[in-house]
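Remarks on the overall topology
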Amino acid sequence: MENIKEHPLYKKYTLDSVMSSLWEFYKKNFLVLFLTSFFLFIITHLLMLKFNLTELQNYSDPMEVLENLREMIVPIIIISIISLYVTTVLQYYVICKPIDNDTTILSSTYKSLRYFIPYLIIIILLSFFGSFALALGLLVFIVGIFFAAIYIATLYLFFLPVLIVEGTDIGHAIARTFSLVHKRFWVNIGWVAVFIIIIMVISVILSGIILIPFSGNFLKIITNPEEASSIMTFASNPLYIVLSAAANALCLPALPIFSSILYFHGRAMDEEITNP
């Protein structure tokens, strides 16, 4: 993309400016990003009901969960592919819309297809690498697992912007991603950790709010785990499906925006080093 430097997110950042830029971009593009995300979560929730994936939450024994996961591997793959495709569409829209007025969410659904297969291959490779990294993290217990997870998440966030902006060559995308992540390693890791914590806190709050109509008392859910597990009986309730999809759709658009910020920051910093 020759005019990528005209993108409003293409600049150097501090942690404060990351959050303020994310929020401004989120507000400006809220409706399109929210509705697309909402559609995704409605579809995935209905598929989960169709394939009975919600039953997994009724098992407390890890072995029972694994046994049932084996039987549901195909539905899980289908839902994962749909989610990754919509993620690709959203990322394409976030990167291309500000520098191309002809870009719409509809055009993004087919223009982003050329990036989807390379992205899917990279995600599969990342899953193997991530399993290895998490296994190493076990050697140093909780801290190691947490660090490995943040590192994998950081790599994941860079891959798609690199593919969309710099081309679909898988080898280049992987090498470029590792280069961008490692050049400013601790900054990237720190920003991703803060972002994940913020999203987790917001998700917990929203989840608590949407459960209130079905539990009668949010505090009861916190103090009584058995009460919380019984909430899943409402998984097929239309109101719960809509509220749950809306809550998730409020958070998902932040992901492609934050990914773009990380990538553009890395590009802008490289540009400063190359052309001081």
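What this report covers is the structure whose coordinates are included nearby. (Residues numbered from 1 in each chain as written. Predicted model: local features only at pLDDT ≥ 70, side-chain atom pairs only at ≥ 80, totals over all residues. Heavy atoms only, no water.)

1. A look at the environment of Val162
Basically, it comes down to this: Every helix listed is a DSSP run of H or I at least four residues long, and every strand listed is a run of E at least two residues long, numbered separately from the N terminus. It only takes one pair of heavy atoms within 4.5 Å for two residues to be counted as in contact.
Structurally, Val162 can be placed in helix H7 (residues 141-166). Counting along the chain gives 98 residues from Val162 to Ser260, while the straight-line C-alpha distance between them is 9.2 Å. Among all residues touching Val162, those that are not within four sequence positions of it are Gly167, Ala173, Arg176, Thr177, Leu180 and Tyr263.

2. Focus: the nonpolar core
Short version of the rule: Remark: nonpolar core denotes a set of buried residues (Ala, Val, Leu, Ile, Met, Phe, Trp, Tyr, Cys) joined through side-chain atoms within 4.5 Å. Per-residue accessibility, obtained with a 1.4 Å probe over protein chains only, is compared with the maximum for each type, and a residue is labelled buried under 20%, exposed over 50%, and partly exposed between these values.
Ile257 and Phe258 are the most contacted members of the largest nonpolar core, which totals 55 residues. When contributions to this core are tallied by element, the ones reaching two or more residues are helix H1 (15-28), helix H2 (30-50), helix H4 (73-96), helix H6 (113-138), H7, helix H8 (170-183), helix H9 (185-215) and helix H13 (254-274). It is H7 that contributes the most residues to this core, 12 residues altogether. Setting aside chain neighbours within four positions, we find Ile257 in contact with Leu9, Leu22, Phe25, Tyr26, Leu33 and Val94. Of all hydrophobic cores here, the second largest spans 6 residues; its members include Leu206, Leu211, Ala247 and Cys251.

3. Focus on the packing of H2 against helix H12 (residues 238-251)
Our working definition: Orientation is described by lines fitted to C-alpha atoms, with helices fitted over the stretch in contact, and by angles between N-to-C directions that extend from 0 to 180 degrees. In these notes the angle categories are as follows: under 35 degrees is roughly parallel, over 145 is roughly antiparallel, 65 to 115 is roughly perpendicular, and the rest is oblique. Whether a crossing is left-handed or right-handed is set by the direction in which the near helix is turned from the far one by less than a right angle, anticlockwise for left-handed and clockwise for right-handed. When residue character is reported, Ala, Val, Leu, Ile, Met, Phe, Trp, Tyr, Cys and Pro are called nonpolar, Asp, Glu, Lys and Arg charged, and the others, Gly included, polar.
Two numbers describe how H2 lies on H12: the axes approach to 8 Å, and their chain directions differ by 135°. The pairing of H2 with H12 is recorded here as oblique in orientation. Between H2 and H12 lies a crossing of right-handed hand. Facing H2, whose interface residues are Phe30, Phe34, Ser37, Phe38, Phe41, Ile42, His45, Leu46 and Leu49, H12 presents Tyr240, Ile241, Val242, Ser244, Ala245, Ala246, Asn248, Ala249 and Leu250. Per-class residue counts for the contact of H2 with H12 are 14 nonpolar, 4 polar and no charged.

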